[in-house]
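# Fold and contact review
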Amino acid sequence: MFSKEESRQLRQLFWTSFGKSFPRKWILYDTKIKGMSFKFHFDTKHAMVSIDLEDDLENRINIWEKLEALKTILKDDYLPLAIFEEEYYLENGKEISRIYVPLEQKVSIHNKNTWQDVMFFLNDTMSKFESFFEDYRDVITP
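Residues numbered from 1 in each chain as written. Predicted model: local features only at pLDDT ≥ 70, side-chain atom pairs only at ≥ 80, totals over all residues. Heavy atoms only, no water.

## Observations concerning the pattern of salt bridges
Our working definition: One speaks of a salt bridge when a side-chain nitrogen belonging to Lys or Arg is within 4 Å of a carboxyl oxygen belonging to Asp or Glu. Secondary structure is summarised from DSSP: a helix means a run of H or I of at least four residues, a strand means a run of E of at least two, and numbering begins at the N terminus for each.
Applying the stated criterion across every chain, the model contains eleven salt bridges. As a salt-bridge pair, arginine 24 and glutamate 130 come within 2.4 Å of each other at their nearest N and O atoms. You can see arginine 24 sitting in the loop between helix H1 (4–21) and strand E1 (36–42) and its partner glutamate 130 sitting in helix H4 (residues 115–140), a full 106 residues away along the chain. Between arginine 60 and glutamate 95 there is a salt bridge, and its shortest N-O distance comes to 2.9 Å.

Laid out in structure tokens, this is it:
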């Protein structure tokens, strides 16, 4: 077991190492679409990359319908393992809509032996999400 401080330091070290290994400016929150963001996630159990829709319900539905219309393209041309969940509940109980790709192997941010695999996964998957977004931004933008 790690103390909270040790865990915090490992998380910080991972994200710093990831940034140095793959130095680029990610879109993340800078989508120019209200409530839509790209996210990296890596904890003690799994890693994933996602597109999250967290705005009011009406805006979420509007953007979700556009993403759903592009589902076949996203899965066929970019990310075949993408999972679409219109109603996704975060740990805090908040409901969002999410499209995500999980890393299908057991990993932990506390285990440095898994970091390289996770870094390659995060970089590759986010690059594909961003390529999809750039190619279809005009369709997705409200």
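## Topic: the sheet that holds strand E3 (residues 83–89)
The test is simple: Here, strands pair whenever DSSP counts at least two bridges between them. Fitted lines through C-alpha atoms serve as axes, helices being fitted only where they are in contact, and the angles separating the N-to-C directions of these axes extend from 0 to 180 degrees.
What the four strands build is an open sheet, ordered E1-E2-E4-E3; its pairing is antiparallel. If you trace the sheet from one side to the other, it starts and ends with E1 and E3, each paired once. If you compare each strand with its neighbour and ignore which way they point, the axes differ by 30 degrees on average. Taken together, the six bridges between strand E2 (residues 47–53) and strand E4 (residues 95–102) define a ladder with antiparallel strand orientation. Across the sheet, residue serine 50 finds its bridge partner in E4, namely tyrosine 100.

## Concerning unusual backbone geometry
As a reminder of what qualifies: The classification of residues rests on relative accessible area computed with a 1.4 Å probe and restricted to protein chains. Under 20% of the type maximum is buried, over 50% is exposed, and intermediate values are partly exposed.
You will see that leucine 28, though not glycine, has its phi angle at about 45 degrees, which is positive. Phi angles above zero are rare outside glycine, and lysine 32 is one such case at about 70 degrees. The residue lysine 32 is located in the loop between H1 and E1 in this model. Under the relative-accessibility criterion, lysine 32 is labelled exposed at 66%.

## Remarks on a negative patch on the surface
Filter applied, for reference: Patch members must show over 30% relative accessible area and no salt bridge, and they are joined within 9 Å when carrying like charges or within 5 Å when they are nonpolar side chains of Val, Leu, Ile, Met, Phe, Trp or Tyr. Computed by Shrake-Rupley with a 1.4 Å probe, the accessible areas treat only the displayed protein chains as cover when residues are assessed. Neither His nor the chain ends contribute to the count of charged residues, in which Lys and Arg are positive and Asp and Glu negative. For this purpose, a charge sits on NZ of Lys, CZ of Arg, CG of Asp or CD of Glu.
Taken together, Glu65, Glu68, Glu86 and Glu87 make up a surface patch of like negative charges. Elements supplying a minimum of two residues to the negative patch: helix H2 (57–69) and E3. With respect to the helices and strands, the residue glutamate 86 is situated in strand E3. A relative accessible area of 41% places glutamate 86 in the partly exposed class.

## Details of H2
Formally: One less than the number of residues in a helix, times 1.5 Å, gives the span that helix is expected to have. It is the directions from the helix axis to the C-beta atoms that the arc portrays. We call two residues contacting when some pair of their heavy atoms lies within 4.5 Å. Polar contacts, as counted here, are pairs of nitrogen or oxygen atoms within 3.5 Å of one another; within protein the pair requires one atom able to donate a hydrogen and one able to accept it, and residues that are adjacent in sequence qualify only if both atoms are side-chain atoms.
In a regular helix each residue adds 1.5 Å, so 13 residues correspond to 18 Å; H2 covers 18 Å between its end C-alpha atoms and thus fits that length. Among all positions of H2, only Asn59, Arg60, Ile63, Trp64 and Leu67 are buried. Mapping the buried residues of H2 onto a view down its axis gives an arc of 125 degrees, with all of them on the same face. Exposed positions of H2 whose direction lies more than 90 degrees from the buried face are Glu58, Glu65 and Ala69. Those residues of H2 that are buried lie in contact with E1, E2, helix H3 (71–78), E3, E4 and H4. The N-terminus of H2 is capped by aspartate 56, whose side-chain oxygen sits 3.2 Å from the backbone nitrogen of glutamate 58.

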